[in-house]
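Residue-level structure breakdown
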Amino acid sequence: MTNKKMILATLLVAALSACTKPKDAAPQSGPAKVAAAVAERRDVPVVLVAQGNVVPINQVDIRPQVSSTVRTVEISEGQNVKAGQLLFTLDAREDQSALDRSAAMIRKTEADLLLAEQTLRRNQELAKSGFISPSAVDTSQSQVDSLRAELAAARLDFKTNTVKVSYYRIAAPFAGRAGAISVHPGSLVQPGSTAPMLTLVQLDPIQIEFTAPERDLPQLLATQAKGELVARARLADGGERAGRVVFIDNTVDRSAGTIKLKAEFANADHQLWPGLFARVEVDAGVQRDAVLVPAEAVLNGPDRRFVYVLQPDGTVKDQTVTIARIVSEQAVVDGLPAGTRVVREGGQNLRPGAKVTVTGNAPHNRAASEAGA
């Protein structure tokens with residue numbers, strides 16, 4: 001019994017000692033470690049990057065100009081055709097008969113005119129000798145004039161009927177690629193029908209239509225005035241194709257604040273296909289005295305972009321900026337003086353007024369992937 005009391009007394013003393021032992025002081029965190037960079041001023045090339053759509057320069061719906069039936073289809077769907085290549089023939093028998101009649105009328109009138117001119121010459125000789133009256137000569141002259149007018153009218157009819165007959169042979173107005181064919185031999189076709197016989201699009205050269213922010217319009221116009229605006233298209237296989245800007249719209253879209261442009265590219269291999277999305281880069285000259293900071297230094301707030309500026313007392317201050325563009329992982333910004341020291345890495349967990357220590361071993365900042373142009 002005495003041993004049990006001694007054991008209980010020992011445990012009680014140990015418990016009291018644990019309660020009265022001072023607790024270890026909580027570790028205090030030091031200033032956050034960050035990497036810094038200096039905003040620099042220099043001239044930078046202006047490269048506009050945009051997503052656009054490939055559009056054909058020429059696209060036409062093939063429809064008949066006369067009501068008739070299809071005799072032959074001379075091409076297949078998806079075929080590449082040359083300019084002037086025959087696409088369809090229609091039943092032209094009625095207008096061909098009218099054309100043949102016009103040709104026959106020309107030959108008949110030419111023969112009648114030849115005879116009338118011979119008669120006129122004989123009557124003129126006889127009138128000089130006094131064998132016939134002058135009125136007979138006038139009659140012959142009138143007949144010649146009438147036949148000449150009939151011949152001119154017959155030739156005009158022939159031209160008109162030639163044009164009508166040409167409508168029955170439908171040819172490609174330009175080189176391109178045929179789409180789906182909606183008619184077959186024997187199909188009835190009419191002008192103004194809803195569905196075209198086929199749609200023909202030009203693939204080489206081809207254009208990409210895209211938009212640029214209105215703030216870049218002065219730079220685009222200034223560069224265009226000095227020469228061509230060089231453009232590049234990024235292909236699906238990772239390749240690049242050089243072209244030129246051929247169109248800048250004459251108005252700015254007020255609702256979007258953008259201007260429409262078109263760039264033209266050679267497309268002999270048909271890598272650029274109408275309707276595809278395409279990435280376009282335009283060399284728009286050089287921006288003088290631009291202020292640049294590392295792109296990862298720019299952070300995204302709820303309603304703005306900003307950088308943390310290092311203060312002389314070792315704290316940071318947030319500074320609102322706007323990004324004009326990204327150039328080789330450097331952000332061209334407005335709202336920041338050149339020479340300002342900013343937090344390049346380690347700013348994702350900072351708050352305005354926080355103490356920092358500048359070091360080259362700051363943790364990686366994911367703000368680079370969040371800061372877009």
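The preceding data block contains the structure.
These notes cover the structure that comes with them. Here the structure is a predicted model, which is why all the values come from computation and not from measurement.

Scoring rules and cut-offs
Residues numbered from 1 in each chain as written. Predicted model: local features only at pLDDT ≥ 70, side-chain atom pairs only at ≥ 80, totals over all residues. Heavy atoms only, no water. Helix = DSSP H or I, 4+ residues; strand = E, 2+ residues; numbered from the N terminus. Buried < 20%, exposed > 50% of the residue type's maximum accessible area, 1.4 Å probe, protein only. Phe/Tyr/Trp six-rings, centres within 6.5 Å; stacked < 30°, edge-to-face > 60°. Lys NZ or Arg CZ within 6 Å of the ring centre and 35° of its normal. Pairing = 2+ DSSP bridges. Expected span 1.5 Å × (residues − 1). Contact = heavy atoms within 4.5 Å. Salt bridge = Lys/Arg side-chain N within 4 Å of Asp/Glu carboxyl O.

With that out of the way, let us pick up unusual backbone geometry. Cis geometry is adopted by the peptide bond preceding P205, which originates at D204 and carries an omega value of -5°. By secondary structure assignment, the location of P205 is in the loop between β10 (198-201) and β11 (206-213). One non-glycine residue, H270, adopts positive backbone phi at about 60°. Here H270 falls in the partly exposed class, since its relative accessible area comes to 24%. Unusually for a residue other than glycine, D289 sits at a positive phi of about 55°.

With that settled, consider the packing of aromatic side chains. Counted under the stated rule, the structure contains one aromatic pair. Taken together, a centroid distance of 5.3 Å and an interplanar angle of 80° make the contact between F306 and Y308 edge-to-face. Of the residues examined, F306 reaches a relative accessible area of 10% and is grouped as buried. Residue placement shows K262 over the ring face of F247; its charged tip is 5.7 Å from the ring centre.

What follows covers the sheet that holds β10. Here we have four strands laid out as an open sheet, ordered β3-β10-β8-β5, and antiparallel in their pairing. In the strand order of this sheet, the two ends are held by β3 (59-62) and β5 (80-81), each with one partner. Judged from the two bridges that link them, strand β8 (residues 176-178) and β10 form a sheet pairing that is antiparallel. The partner of R177 across the bridge, within β10, is V201.

The end-to-end C-alpha distance of helix α3 (residues 134-166), which contains 33 residues, comes to 48 Å, matching closely the 48 Å that a straight helix rising 1.5 Å per residue would cover. V137, S140, V144, L147, L151, A154, N161 and V165 are the residues of α3 that are buried. Those residues of α3 that are buried lie in contact with α2 (93-129) and β7 (169-171).

Glancing now at the pattern of salt bridges. Tallied over the entire structure, the rule returns 17 salt bridges. A salt bridge links R234 to E281; the shortest N-O distance between them is 3.1 Å. Of this pair, R234 sits in strand β12 (residues 230-234) while E281 is found in strand β15 (residues 277-294), placing the two residues 47 residues apart along the sequence. Taking the shortest distance from any N to any O, the salt bridge between R304 and D318 comes out at 2.5 Å. Of this pair, R304 sits in the loop between β16 (299-300) and β17 (305-310) while D318 sits in strand β18 (residues 316-327), and the two are 14 residues apart along the sequence.

Glancing now at the sheet that holds strand β9 (residues 188-189). Spatially, the four strands line up as an open sheet ordered β7-β6-β4-β9, and their pairing is antiparallel. Among the strands making up the open sheet, the edge pair consists of β7 and β9. Relative to strand β6 (residues 86-90), strand β4 (residues 68-73) runs antiparallel, the two sharing three bridges. Its bridge partner being in β6, V73 is matched across the sheet by F88.

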